[in-house]
Amino acid sequence: METVSSARTLAPVQAMQSIGEWLHHENSRAANRQDGLAVLRAIDADLRAIVEAALAGMIEAHTNHARMNLLLQTTVPFCATILHTYTEALRREMVETARKSNNAPLVQAAVANWLYWIGRDHVVRFVREPKIDRLPWFEIRPATEFALGLGGSLTQKIARPDGEAGRLQRQLAHLVLLSRTLTPDLQGRQLLIADRIADSLASFIRISDEHTSQTPFGQASDDDNPPTVLTRMPSQLKAEGKGLFYGLEQSLQELMALETLIATQGKVPQKMDPDGRINPAEVLAVIRHLKNRWSGREVKRMAERKTVNGSLMICYDFNTVRRMVVQATQQSTVKTVESTVERAMVEDVSATGIGLKLVKHTGWLRLGLLMGVKTDKDTNWRLGIVRRAVARNHGEMMAGVQLLGRNPESIRLTRQARVSNWERVTDQQAWDNLLGLYLRPEALNENHHLLIVGKAELEIGKSYGAPGTREGDLVFRVISQHEIGADCVFYRAERVATPVPGAPPPSPPNDGKLSV
């Protein structure tokens, strides 16, 4: 305990290296001892704190390829060593220790901790190399059934959410969600966010030793296949006297409730992101993926991807994108030099998106970021949103951009100013101006009128004037909040035929200068 506690004060990389070397020597001397489970239980909290600090470091350093590699190169063998230590201790001691009824909590705690390290090992290996990698269910199921069945009937133990049996049940539920969460479609930081979501919602998984309509997921044989919806008769499975069954419906409902909460509040719950390092747009993108995975729906690519060679100009950051659209579409004598405009290499294209390679990347790329792209032949910019951000070599990133519109327009939205009678100096109505972008309906945006503004400032159901557009003075009624981006908010709207009563007279087109 002193060895591990002293290592915990070090930085995660140094702590994992120190403990890994110590455990390697301890494992070679542990074969003749029967105290492995007790020792591991005593030091498990410190071990978890170290690996969770490393995972938090990965989320922070996702665009720093060297830092990310260093953490992964240390964390993967660290988790593998601890998992091996737990596995060997359980094989040596679990059955003998369980012979005494008062040892049931120790065995249940050891198996719960073992499941935790199976999950950590699975996650960090997947982050290092995203591929289909199965959890060892042929070992998980019998050990879990044995531990849950100690000291009473299995059903009674599962019905109790407290104590060591409850912790064991929750760790098992987390693995069930992980088996349906981690896929090669998620990359790097997205995988770590998905793991946090699965951990937060694992307690809503229903677990039972009976196969019913409430618990349709289970395993039909002793193999590595994760729990799936069983087609065999429940009576046959029950007669064989084995099997745990799971219900994911409530977790799926809570996932959708989490999506609504984040979209409404515009922030990630503190329980999931205590350090405030995760952007809501990133979490919402992962949740959209998980809704399909947890419900069993198969998602196919919208369009075929083709490899191409070439380059184009890109701009990012909402304010920069809007100013560049103004310069491209309106006659202006003012030309600004933007630091967020650069050239990127094109790797592949499809009818709905484009894959970009960013060389000498400076760390600005984020999921949900608004981006403008333009070839040398284009007059106006095309708008897109970043859906994938993958670190490659040092200073190189891969960006997957979904295209949203081909011919955006910078517009000025007007709304009645919120001023009191005490603040009025004339009888004339005061108006606020909101600068934004307008995308007309087309196939890329599912034929919606989209309004894009920098903050969540538009109100659902309210109407806004848009004077001086290409089509003259327009009025929009906001229908819904379409999506929260990393640096902007998208709204679905409809065009209203009649102007808003009392709207100000049309203004001349924006000349490229920032309106106040």
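Residues numbered from 1 in each chain as written. Predicted model: local features only at pLDDT ≥ 70, side-chain atom pairs only at ≥ 80, totals over all residues. Heavy atoms only, no water.

1. Focus: the packing of aromatic side chains
With the rule as written, the count across this model stands at four aromatic pairs. Here Tyr116 and Trp117 contribute two aromatic rings whose centre-to-centre distance is 5.1 Å and whose plane-to-plane angle is 90 degrees, an arrangement assigned as edge-to-face. Grouping residues by exposure puts Tyr116 and Trp117 together as buried. When the ring centre of Tyr116 is taken as reference, the NZ or CZ atom of Arg48 above it lies at 3.9 Å. The aromatic ring of Trp381 is capped on one face by Lys374, whose charged end is 5.3 Å from the ring centroid. (Phe/Tyr/Trp six-rings, centres within 6.5 Å; stacked < 30°, edge-to-face > 60°. Buried < 20%, exposed > 50% of the residue type's maximum accessible area, 1.4 Å probe, protein only. Lys NZ or Arg CZ within 6 Å of the ring centre and 35° of its normal.)

2. Thoughts on the pattern of salt bridges
Applying the stated criterion across every chain yields a total of 27 salt bridges. Note that Glu282 and Arg189 form a salt bridge whose closest N and O atoms lie 2.5 Å from each other. Of this pair, Glu282 sits in helix 12 (residues 280-295) while Arg189 sits in helix 9 (residues 189-201), and the two are 93 residues apart along the sequence. For the residue pair Glu282 and Arg189, the accessibility class agrees, reading buried in each case. The shortest N-O distance in the salt bridge between Arg477 and Glu494 comes to 2.9 Å. With Arg477 in strand 16 (residues 472-484) and Glu494 in strand 17 (residues 489-496), the pair connects residues that are 17 residues apart, well separated along the chain. Residue Arg477 is classed as partly exposed on the basis of its relative accessible area of 32%. For Glu494, a relative accessible area of 33% corresponds to the partly exposed category. (Salt bridge = Lys/Arg side-chain N within 4 Å of Asp/Glu carboxyl O. Helix = DSSP H or I, 4+ residues; strand = E, 2+ residues; numbered from the N terminus.)

3. A word on the environment of Met398
With respect to the secondary-structure elements, Met398 resides in strand 11 (residues 396-405). We classify Met398 as buried; its relative accessible area is 5%. The spacing of Met398 and Leu356 is 42 residues in sequence and 5.8 Å in space, taken between C-alpha atoms.

4. Let's talk about the nonpolar core
One finds Trp117, Ile197 and Tyr246 to be the most contacted residues of the largest nonpolar core, which totals 90 residues. Take this core: its biggest share by element is 15 residues, from helix 5 (residues 104-128). When residues no more than four places from it in sequence are discounted, the contact partners of Tyr246 are Trp137, Leu172, Val176, Ile205, Arg206, Ile207, Gln214, Thr215, Pro216, Phe217 and Pro227. Ranked by size, the runner-up nonpolar core spans 23 residues in total, among them Tyr316, Ile354, Leu365 and Leu369. (Core = buried A, V, L, I, M, F, W, Y, C linked by side-chain atoms within 4.5 Å. Contact = heavy atoms within 4.5 Å.)

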